[in-house]
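Observations on the three-dimensional arrangement
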Amino acid sequence: MKTPLLSATAVALLALTACQSKTETTTVANSTAENTTTVATTIPIELPPAIKTEGSYRCHGDNSLVKVTFFEAKKDGTMTASVASPSDASPVTLSGGAGKPMTADGGWALSGTDSSFKLTQPGKPEQSCSK
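Scope of this entry: the structure provided in the associated data block.

Rules of the game
- Residues numbered from 1 in each chain as written.
- Predicted model: local features only at pLDDT ≥ 70, side-chain atom pairs only at ≥ 80, totals over all residues.
- Heavy atoms only, no water.
- Helix = DSSP H or I, 4+ residues; strand = E, 2+ residues; numbered from the N terminus.
- Buried < 20%, exposed > 50% of the residue type's maximum accessible area, 1.4 Å probe, protein only.
- Contact = heavy atoms within 4.5 Å.
- Areas by Shrake-Rupley, 256 points an atom, 1.4 Å probe, with all protein chains shown as cover.
- Salt bridge = Lys/Arg side-chain N within 4 Å of Asp/Glu carboxyl O.
- Pairing = 2+ DSSP bridges.
- Phe/Tyr/Trp six-rings, centres within 6.5 Å; stacked < 30°, edge-to-face > 60°.
- Core = buried A, V, L, I, M, F, W, Y, C linked by side-chain atoms within 4.5 Å.
- Polar contact = N/O pair within 3.5 Å; in protein donor to acceptor, adjacent residues only side chain to side chain.

1. Things to note about the overall build of the protein
Secondary structure summary: the protein contains two helices and eight strands in total. Secondary structure elements of the protein, listed N to C terminal, follow the sequence α-α-β-β-β-β-β-β-β-β. Residues classed as buried in the protein amount to 22% of the 131 residues present. Taking all contacts inside the protein whose residues are at least 6 apart in sequence as the whole, residues at least 24 apart take part in 24%. When the accessible surface of the protein is summed, it comes to about 9700 Å², and 58% of that surface belongs to carbon and sulfur atoms.

Put into structure tokens, the structure is as follows:
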């Protein structure tokens, strides 16, 4: 009786030994990642300005509707706005110094606040716009 039990135990231990997995440790020198991290920390990254307000405004000169996105001032005080007129057109980015009108090539100009402003568009006279 002891012989079959001893044989079964030996077979079970042999089976468990065969299933034992081996682990390997591989070390890879990653000098490229270290260089990239070093370069990334030395170059200052300036994020684009955050959106201050965005909305549709009615211009009182010709009763047109424009979509304007006002951005927060940059560190140097430069103000930026994105104007789409008509509201489904591609936006034009206007920018200007603090206290000065924001302008863009082609005759665009915007002065005022994000609640009411004066807008000059190419081929149109200056008109007042508000929400």
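So much for the structure itself; the text now carries on.
2. Focus on the pattern of salt bridges
Counted according to the given criterion, the structure contains one salt bridge. Between Asp-62 and Lys-124 there is a salt bridge; the shortest N-O distance is 3.1 Å. Of the two residues, Asp-62 is situated in the loop between strand E1 (51-59) and strand E2 (65-71) and Lys-124 in the loop between strand E7 (116-120) and strand E8 (127-130); the sequence distance between them amounts to 62 residues. Taking the relative accessible area as the measure of exposure, Asp-62 reaches 38% and is therefore partly exposed. A relative accessible area of 31% means that Lys-124 is categorised as partly exposed.

3. A word on the pairing of strand E6 (residues 108-112)
Sheet analysis places strand E5 (residues 102-104) next to E6, joined by three bridges and oriented antiparallel. Opposite Ala-104, over in E6, you have Trp-108 as the bridge partner. Connecting E5 to the antiparallel partner E6 that follows it, the hairpin turn spans three residues, and Gly-106 within it adopts a positive phi of roughly 100°. Joining the antiparallel neighbours E6 and E7 is a turn of three residues.

4. Structural notes on the packing of aromatic side chains
Under the defined criterion, the tally for this structure stands at three aromatic pairs. Where Tyr-57 meets Phe-70, the ring centres are 6.2 Å apart and the plane angle is 80°; that geometry is what we call edge-to-face. Of this pair, Tyr-57 sits in strand E1 while Phe-70 is found in strand E2, placing the two residues 13 residues apart along the sequence. Phe-70 carries the same exposure label as Tyr-57, and that label is buried. For Tyr-57, a relative accessible area of 0% translates into the label buried.

5. Structural notes on the nonpolar core
Ranked by internal contacts, the top residues of the largest apolar core, which has 15 residues, are Val-68, Phe-70, Leu-110, Phe-117 and Leu-119. Those elements that place two or more of their residues in this core are E1, E2, strand E3 (79-84), E5, E6 and E7. If one sorts the elements of this core by residue count, E2 sits on top with three residues. Contacts of Leu-119, omitting those with residues within four sequence positions, involve Cys-59, Val-66, Val-83, Trp-108, Ala-109, Leu-110, Pro-125, Glu-126, Gln-127 and Cys-129.

6. Quick word on the side chain of Ser-130
Note on placement: Ser-130 falls in strand E8. Side-chain polar atoms of Ser-130 contact the side chain of His-60, separated by 2.9 Å. If sequence neighbours within four positions are ignored, Ser-130 has contacts with Tyr-57, Arg-58, His-60, Ser-115 and Ser-116.

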